[in-house]
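Residues per chain, in single letters:
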Amino acid sequence: MIDVGQHRLDQMRDLLGEFSSVSCEMASVLDSHRVDDSVALNLRMESGAIGSLGWHRFSRAFTSPLMLYGTKATLGCSAFVTGPFQSAPVSVYLDEAPESVLPPEMLAWTRPAKWWGGFEAGWVDLWPPGRNTFQEQFRSFLRTVSTGGPPVADGGDGFNAVEIVQAAYRSFRLRQSIDLPLEDPAHEPPPEW
């Protein structure tokens, strides 16, 4: 939870807003590590959106897919460029032709499904420009220190992410859904395996 899970939680908050409740199941599959290496979360967002997150820290072929199901499109993305269920870093299912709904900068990231034809409705693969996000993190930090401007993510963001993990641990221990923000912010230790 506290390792790779944090990144998914941050991503969900950035895309969909704050969490309103969390329900968690977890296990320690590998005895050698004695940590929560397999986790499944059911989530409710303040917006009313619901979803689930799952990850398995030490699986043989670590993948990190994300699927968002909306009223106008379905979006799939992965931390890895390709995998068994995805052919591009980002794929979006559209009911309309891509040129009528995608912004021009995103349209430039597309490749037609058929090299001899144009774009069609359905699954559209997007290949955004590659970036080294670690370099961007350091540049952002140095810019904040040198200019005194606001950071991209602050202590409040970190607190909120840790609070979600605390709620997940509490949910697992009590076997119930936990509302956020936590009324009792007392430290909830991770399970002992």
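Everything numeric in this text was worked out from a predicted model, so none of it was measured. (Residues numbered from 1 in each chain as written. Predicted model: local features only at pLDDT ≥ 70, side-chain atom pairs only at ≥ 80, totals over all residues. Heavy atoms only, no water.)

Focus: a nonpolar patch on the surface
Nonpolar side chains collect at one region of the surface, where V29, L30, V35 and F58 lie side by side and expose about 300 Å² of accessible area between them. Summarising the element assignment, V29 is placed in the loop between β1 (19-27) and β2 (38-45). With relative accessibility at 55%, the residue V29 sits in the exposed group. (Patch = residues over 30% accessible without salt bridge, like charges linked within 9 Å, V, L, I, M, F, W, Y side chains within 5 Å. Areas by Shrake-Rupley, 256 points an atom, 1.4 Å probe, with all protein chains shown as cover. Salt bridge = Lys/Arg side-chain N within 4 Å of Asp/Glu carboxyl O. Helix = DSSP H or I, 4+ residues; strand = E, 2+ residues; numbered from the N terminus. Buried < 20%, exposed > 50% of the residue type's maximum accessible area, 1.4 Å probe, protein only.)

Re the sheet that holds strand β5 (residues 73-78)
One open sheet accounts for four strands, arranged β4-β5-β6-β7; its pairing is antiparallel. Each having just a single partner strand, β4 (65-69) and β7 (122-126) make up the two edges of the open sheet. Between one strand axis and the next, the sheet turns by 15° as a mean value, whatever way the strands run. Relative to strand β6 (residues 90-94), β5 is paired through five bridges, and the arrangement is antiparallel. When the bridges of β6 are listed, G76 appears paired with S91. (Pairing = 2+ DSSP bridges. Axes fitted to C-alpha atoms, helices over the stretch in contact; angles between N-to-C directions.)

Here's the deal with the nonpolar core
Across soluble globular proteins, nonpolar side chains show a tendency to be buried alongside one another. Among the nonpolar cores identified, the biggest contains 32 residues, and M1, L9, F19, V22 and L41 are the most heavily contacted of them. Elements supplying a minimum of two residues to this core: α1 (4-16), β1, β2, β3 (50-56), β4, β6, β7 and α5 (155-174). In contact with L9, not counting residues within four places along its chain, are M1, F19, L41, L53, A161, I164 and V165. (Core = buried A, V, L, I, M, F, W, Y, C linked by side-chain atoms within 4.5 Å. Contact = heavy atoms within 4.5 Å.)

Digging into α5
Compared with the 28 Å implied by 1.5 Å per residue over 20 residues, the 28 Å span of α5 between its first and last C-alpha is a close match. Within α5, burial applies to A161, E163, I164, V165, Q166, A167, A168, Y169, R170, S171 and F172. Along its buried surface, α5 packs onto α1, β1, β2 and β8 (178-179). Measuring from the side-chain oxygen of the N-cap residue of α5 to the backbone nitrogen of G156 gives 2.9 Å; that N-cap residue is D154. (Expected span 1.5 Å × (residues − 1). Polar contact = N/O pair within 3.5 Å; in protein donor to acceptor, adjacent residues only side chain to side chain.)

Notes on the sheet that holds β1
Spatial strand order, β3-β2-β1-β8: four strands in an open sheet with antiparallel pairing. Looking at the sheet topology across the chains shown, the edges are occupied by β3 and β8. In terms of strand pairing, β2 meets β3 through seven bridges, oriented antiparallel. Across the sheet, the residue bridging to L43 is G51, located in β3. Contacts from α1 reach β1, β2 and β3 within the one sheet, and its direction differs from that of β3 by about 160°.

Section: the side chain of T144
Structurally, the position occupied by T144 is in helix α4 (residues 133-147). Once residues within four sequence positions are removed from consideration, T144 is found in contact with G149, P150 and P151.

Notes on the pattern of salt bridges
Scanning the model with the defined rule gives six salt bridges in all. In this structure, the salt-bridge partner of E25 is R175, at a minimum N-O distance of 3.2 Å. Taken as a pair, E25 in strand β1 and R175 in the loop between α5 and β8 lie far apart in primary sequence, 150 residues in all. You can call E25 partly exposed: its relative accessible area is 42%.

Some words on the packing of aromatic side chains
Scanning the entire structure with this criterion turns up two aromatic pairs. Note on Y93 and W123: the rings are 5.4 Å apart at their centroids and 70° apart in plane angle, and the pair reads as edge-to-face. Of this pair, Y93 sits in strand β6 while W123 is found in strand β7, placing the two residues 30 residues apart along the sequence. Exposure remark for W123: the relative accessible area of 47% places this residue in the partly exposed category. Look at F172 and W193: their rings are 5.8 Å apart centre to centre, the planes differ by 45°, and that puts the pair in the tilted class. Placement of the pair is F172 in helix α5 and W193 in the segment after β8, with a sequence separation of 21 residues. For W193, a relative accessible area of 27% corresponds to the partly exposed category. Positioned above the aromatic ring of F172, the side-chain terminus of R175 is 4.6 Å from the ring centre. (Phe/Tyr/Trp six-rings, centres within 6.5 Å; stacked < 30°, edge-to-face > 60°. Lys NZ or Arg CZ within 6 Å of the ring centre and 35° of its normal.)

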